[in-house]
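So you can see what is in the structure, the chains are spelled out below.
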Amino acid sequence: DLIGYKAVALVLLVMVSILAMLFDIWPVLIAALLSALTLNFFFIPPRFTFHITETEDILMFLMYFMVAMVNAVLTNKIKVQEKKARDKEEKENTIRLYKTLFNSLSHELKTPISTIIGATDTLKENETSLSPQVKSTLLAEIGKAGNRLNRQVENLLNMSRLESGMLNVNKDWCDVNELIHIVIHKLDPGIRDRIRFEPGLNLPLFKLDIGLMEQVVYNIVNNALQYTPPDTPITIRALYQDEHCVIEIADQGPGFPDSKLTNIFDPFFRLPETKAGGTGLGLSIAKGFTEAHGGSLTVENLTAGGARFTILIPTETSFLNYIKHE
């Protein structure tokens, strides 16, 4: 009585259109049929019957039924085409990802392997004629190449764990100052002196996965060491702020282009015109491990130059270590 049965037809048609966007074809076709029967039985005179007397009402009913059905079919076709387009895009992205992975690994794995084989062959063929100093240098090169190879394999395994969703976070009480010292001692002695770290005073123990957090800090520090001038320091700071463990890692390098700040955590992403080396997995793994703790990893350019990474993790804390010291 308020809006008339013809307006009701439009309301029902809108509802069928909404259902068509949410469900597959068969539920929508059934809804279109039921809505047509509902319109006929409850609204088109004579009401509460399936009989229609007026020619205009018959035409309206038939048009409604046809429009509802066509709307359902066309909307479903659009959804199917969109799904095909998404699948095609995902397939292209996957192919591009594999190409990037292959290109990166062909260099990153081949280089240390060639170094190890070459140095080993030299030691075998010239065992008696090589001086102790040369032998020591070759052994050092083998060790360096082995560590590089080990890092790349670990990065690939870690990325596989992240993408498969099989990453387990095993939290335990952790002294962040000690964790950072462990990371620093993992670095090559020749570049370790660039690190500037003052242990945080009165830091509590944090409940973290120590192994994962070591990898997070190591990946960020190692990335900064690779892509900043060799005479510039890397500063690490740890603090406790608003029930969060906060670790800041800042460098004095060139920073990042503002347009690329949102991409640097993408797997295999490397800035153009950067020096060769690296697969572009380190920062992506660091972000994944941080988010597995329920935290966040962000980066910002500093006004004085360089960039600062901030690890922010909500965590349980304990000051028992300081009570023991007292």
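In this report, the structure presented in the accompanying data block is examined. (Residues numbered from 1 in each chain as written. Predicted model: local features only at pLDDT ≥ 70, side-chain atom pairs only at ≥ 80, totals over all residues. Heavy atoms only, no water.)

1. Topic: the nonpolar core
- If you look at the biggest cluster of nonpolar residues, it comprises 42 residues, and the most contacted ones within it are Ile180, Ile195, Ile220, Ile247, Phe309 and Ile311.
- When residues of this core are assigned to their parent elements, the largest contribution, 9 residues, is made by helix α8 (residues 210-227).
- The contacts of Ile247, once residues within four sequence positions are left out, are Val176, Ile180, Val217, Ile236, Arg237, Ala238, Phe309, Thr310 and Ile311. (Core = buried A, V, L, I, M, F, W, Y, C linked by side-chain atoms within 4.5 Å. Buried < 20%, exposed > 50% of the residue type's maximum accessible area, 1.4 Å probe, protein only. Helix = DSSP H or I, 4+ residues; strand = E, 2+ residues; numbered from the N terminus. Contact = heavy atoms within 4.5 Å.)

2. Quick notes on the sheet that holds strand β8 (residues 317-318)
- Strands sit in the order β1-β3-β8 across an open sheet of 3 strands; the sheet is antiparallel. Whereas interior strands pair on both sides, the edge strands pair on one side only; in this sheet they are β1 (172-174) and β8.
- Examined bridge by bridge, β1 and strand β3 (residues 205-208) share 3 bridges and lie antiparallel to one another. Paired with Trp173 across the strands is Lys207, a residue of β3. (Pairing = 2+ DSSP bridges.)

3. Notes on the packing of aromatic side chains
- Tallied over the full model, the rule gives 7 aromatic pairs.
- The interplanar angle of 45° and the centroid separation of 5.1 Å between the aromatic rings of Phe41 and Phe50 together place this pair among those described as tilted.
- Judged by relative accessible area, which is 22%, Phe41 ranks as partly exposed.
- Judged by relative accessible area, which is 53%, Phe50 ranks as exposed.
- Between Phe256 and Phe309, the ring centres sit 6.1 Å apart and the planes meet at 90°, which makes this aromatic pair edge-to-face. A residue pair is termed long-range when its members are at least 10 positions apart, and Phe256 in the loop between β5 (244-251) and α9 (282-292) and Phe309 in strand β7 (residues 307-314) qualify at 53 residues.
- Members of the aromatic cluster, joined through ring pairs, are Phe41, Phe42, Phe48 and Phe50. (Phe/Tyr/Trp six-rings, centres within 6.5 Å; stacked < 30°, edge-to-face > 60°.)

4. Looking at the pairing of strand β6 (residues 296-301)
- Pairing of β6 with β7 involves 6 bridges; the strand directions are antiparallel. Along β7, the bridge assignment pairs Ser296 with Leu312.
- Connecting the antiparallel pair β6 and β7 is a turn made up of 5 residues, with Gly305 showing a positive phi of about 110°.

5. Looking at α9
- Of all 11 residues that make up α9, 8 are buried, and the element is covered over most of its length.
- When α9 is considered as a whole, its buried residues turn out to be Gly282, Leu283, Ser284, Ile285, Ala286, Gly288, Phe289 and Thr290.
- A positive phi of about 80° marks Gly294, the residue just after α9.

6. Points about unusual backbone geometry
- Look at the link from Pro45 to Pro46: it is a cis peptide, with omega at -10°.
- Tracing the backbone through its elements, the reader meets Pro46 in the loop between α2 (25-43) and α3 (55-108).
- Phi at Phe48 takes a positive value of approximately 65°, unusual for a residue other than glycine.
- With respect to the element layout, Phe48 can be found in the loop between α2 and α3.
- Residue classification places Phe48 among the partly exposed residues on the basis of a relative accessible area of 48%.
- Of note in this structure, Asn202 is not a glycine but carries a positive phi near 60°.
- For Asn202, the position within the fold is in the loop between β2 (195-197) and β3.

7. Concerning the side chain of Asp57
- Positionally, Asp57 belongs in helix α3.
- Here Asp57 sits buried without a salt bridge, and the closest side chain of opposite charge, Lys6, lies 5.3 Å off (N-O distance).
- In contact with Asp57, other than residues within four places in its own chain, are Tyr5, Ile44, Pro45 and Ile52. (Lys, Arg positive; Asp, Glu negative; His and termini not counted. Salt bridge = Lys/Arg side-chain N within 4 Å of Asp/Glu carboxyl O.)

8. Re α2
- The end-to-end C-alpha separation of α2 is 26 Å, in line with the 27 Å expected for 19 residues at 1.5 Å each.
- Those residues of α2 that fall on the buried side of the exposure criterion are Ile25, Val28, Leu29, Ala31, Ala32, Ser35, Ala36, Leu39 and Asn40. Along the long axis of α2, the arc covered by the buried residues comes to 165°, so they all point the same way. (Expected span 1.5 Å × (residues − 1). Arc of directions from axis to C-beta.)

9. Structural notes on the pattern of salt bridges
- Counted according to the given criterion, the structure contains 6 salt bridges.
- Between Lys186 and Glu214 there is a salt bridge, and its shortest N-O distance comes to 3.0 Å. Pair noted here: Lys186 is in helix α6 (residues 176-186) and Glu214 is in helix α8, with a separation of 28 residues, a long-range link.
- Exposure remark for Lys186: the relative accessible area of 48% places this residue in the partly exposed category.
- By relative accessible area, Glu214 is classed as buried at 13%.
- In this structure, Lys287 engages Glu291 in a salt bridge whose closest nitrogen and oxygen atoms are separated by 3.3 Å. On the criterion of helical spacing, the pair formed by Lys287 and Glu291 is a turn pair, its members being 4 residues apart in helix α9.
- Residue Lys287 is classed as partly exposed on the basis of its relative accessible area of 23%.
- Residue classification places Glu291 among the partly exposed positions, given a relative accessible area of 43%.

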